[in-house]
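Structure assessment
Residue-level listing of the chains:
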Amino acid sequence: MDGLTPEQRHLRDRAGELAREAAAQAAETDRSLAYPWPMVERMTEAGFMGLTIPREWGGLGGSVMDAVLVVEEFSKVCAVCGRIAVEANMGAVGAIMAYGTDGQKKLAAGLVLAGDKPAICITEPDAGSAATEMTTTAVKHGEDWVINGRKTWITGGGVSRLHLIFARVIEDGAFKGIASFIAVRGAPGLNVARRIPTLGLCGMPETELELADLVVPDGMVLRAPGGFARGFGRLIDAYNGQRVGAATVALGLAAGAHAHAIARANTRRQFGRPIAEFQGLAWMLADMAIEVEAARALIYRAAKSAGPAGFPDRLAAAQAKVFASDMAIRVTNNALQVWGAAGYSRDNPMERYLRDARMFAIAGGTAQVLRNQVAEQILGRKLPQTRDGFLKLVAEEAAVGKLAAD
Ligand SMILES: Cc1cc2nc3c(=O)[nH]c(=O)nc-3n(C[C@H](O)[C@H](O)[C@H](O)COP(=O)(O)OP(=O)(O)OC[C@H]3O[C@@H](n4cnc5c(N)ncnc54)[C@H](O)[C@@H]3O)c2cc1C
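Values in this document were obtained by computation on a predicted structure and should not be read as measured data.

What counts and how
Residues numbered from 1 in each chain as written. Predicted model: local features only at pLDDT ≥ 70, side-chain atom pairs only at ≥ 80, totals over all residues. Heavy atoms only, no water. Near = heavy atom within 4 Å. Polar contact = N/O pair within 3.5 Å; in protein donor to acceptor, adjacent residues only side chain to side chain. Areas by Shrake-Rupley, 256 points an atom, 1.4 Å probe, with all protein chains shown as cover. Helix = DSSP H or I, 4+ residues; strand = E, 2+ residues; numbered from the N terminus. Nonpolar A, V, L, I, M, F, W, Y, C, P; charged D, E, K, R; others polar. 1 Å grid on protein atoms, 1.4 Å probe; cavity = no way out; pocket = protein on both sides within 12 Å on 5 of 7 lines; lining within 4 Å. Points joined across faces, edges and corners; volume = space filled by probe spheres on them. Buried < 20%, exposed > 50% of the residue type's maximum accessible area, 1.4 Å probe, protein only. Contact = heavy atoms within 4.5 Å. Core = buried A, V, L, I, M, F, W, Y, C linked by side-chain atoms within 4.5 Å.

1. Focus on the site of the ligand
- Within the structure, the ligand sits among 20 residues, and T123, S129, W153, T366 and Q368 are positioned closest to it.
- Take Q368: an N or O atom from its side chain is 2.6 Å from an oxygen atom of the ligand.
- Within the side chain of Q385, an N or O atom sits 2.7 Å from a nitrogen atom of the ligand.
- Contact with the protein chains hides 67% of the accessible area of the ligand, taken as 970 Å² for the molecule alone.
- Listing elements by their share of the shell around the ligand, those giving two or more residues are β1 (119-121), β3 (144-155) and α12 (367-379).
- Among the residues forming the shell around the ligand, the class breakdown is nine nonpolar, nine polar and two charged.

Take a look at the structure:
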């Protein structure tokens, strides 16, 4: 029915078992804002960090689908743990394992299999959705690159060791494209400027990074096919895995909140009956179940679409993330409603589920920007977002029209 192999069911059950330990500390992680190191240690021992790293580099050679199963189980009880599992298996790890040199793969595998959750550094104060407007530069000096700029909303700053930093490449005084550079925490010039206070997912530091004359040797440039000019698109393909991962955290949160809502609706009595018997609530619970299953189907489909490089299909990943992130906000909100005042209290996990769920429609491609991507693909045409891009398209179409008329 679920299309999973016996090994995948076993993996999911193992993750579910360890997730019970994560459940016990999730509220404390939220309250203390502390990165859950003891849980990360347990996840590392269990082989869940770097699960997707190929066997030749010491990992288990797991698929995106395997990682999804693990992420979902943790996210049902601890979304911070779920996000850690995402970043230790998708995103930067996927990009380095697909495009990296042997030296880069060895470095990444060594760190992640020892429990590191890498950081991806793209966003800047003035370049969010318009990521290519980033101003951080990497200037070639002899055999090294010198990086300067400011990154923001970097998940895991201060706890992550491996950093994949995106910058504008300047070689021989000319702009060559956007590339990514691998640096390790502790390198001079890789500084955490501040931790950003957040609404939810509170055990995970969100940070601003200051890159001040950070020196990266040429051997640590992650070179995607297509060279500097076209490599950015290929590097961003790695983000499709991360997107499916983020969608899975949203799914896990919704499924976890839904389970709590069912339990409460069956036990809480008003007007002399379990509140689950009121049709108003029964239908809410039914709608939640339908939405959770729909998100799961989209996510599994996207995860299974992963090609040889290990990256899921762009359209399938965007569809899954848009649906799951919007769905998680609705479902966690309704699950809190089922709990009434008790759901509003910090004594219970419902308000945490809602706060944690709010993020997924923003990070890693907003709900609007991903809808643009879906629209482009179903319409089969570019939908330029910049004014210049739009004017260029109009000029090109006018030229084609003139040619046809001549
Ligand atoms: C918790 C969290 C963790 C994050 N982690 C990371 C990380 O590890 N690394 C990293 O590099 N970044 C990270 N980000 C940043 C994230 O990727 C950006 O927030 C996201 O790309 C959106 O950019 P922005 O916040 O600047 O919003 P903006 O781009 O300023 O957008 C503001 C609003 O305008 C809308 N909008 C913008 N452009 C369009 C358009 N063309 N069409 C329609 N609507 C549009 C957006 O949807 C949004 O509603 C994280 C963000 C959060 C909240």
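2. Description of empty space enclosed by the protein
- Tallied over the full model, the rule gives two cavities of 30 Å³ or more.
- The calculated volume of the largest cavity comes to roughly 50 Å³.
- Forming the walls of the largest cavity are A26, T29, D30, C78, A79, V80, L201, C202, G203, R352 and D356.
- Put simply, the parts of the chain that give the lining of the largest cavity at least two residues each are α1 (6-32), α4 (79-87) and α11 (350-357).
- Broken down by element, the lining of the largest cavity gets its largest block of residues, three residues, from α1.
- For the lining of the largest cavity, the residue count by class is six nonpolar, two polar and three charged.
- In this structure, the second largest cavity occupies an estimated 30 Å³ of space.

3. Focus on the side chain of T29
- Relative to the assigned elements, T29 resides in helix α1.
- The class for T29 is buried, based on a relative accessible area of 6%.
- Excluding residues within four positions of it along the chain, T29 makes contact with A34, P36, C202 and G203.

4. Considering the layout of surface pockets
- In this structure, the second largest pocket occupies an estimated 300 Å³ of space.
- Lining the second largest pocket are 21 residues, with T52, V64, G94, A309 and G310 positioned closest to its centre.
- Listed by contribution, the elements that provide at least two residues to the lining of the second largest pocket are α5 (92-99) and α7 (227-267).
- By residue number, the principal contributor to the lining of the second largest pocket is α5, which donates four residues.
- When the residues that make up the lining of the second largest pocket are grouped by side-chain class, the tally is twelve nonpolar, nine polar and no charged.

5. Description of the nonpolar core
- Counting residues in hydrophobic clusters, the biggest one holds 123 residues, and the most contacted among them are M43, F48, F74, F166, F181, I299 and V338.
- Per-element accounting of this core gives the leading share, 17 residues, to α7.
- In terms of nonpolar packing, the next biggest core, distinct from the first, is built from five residues, L315, A318, L370 and V374 among them.

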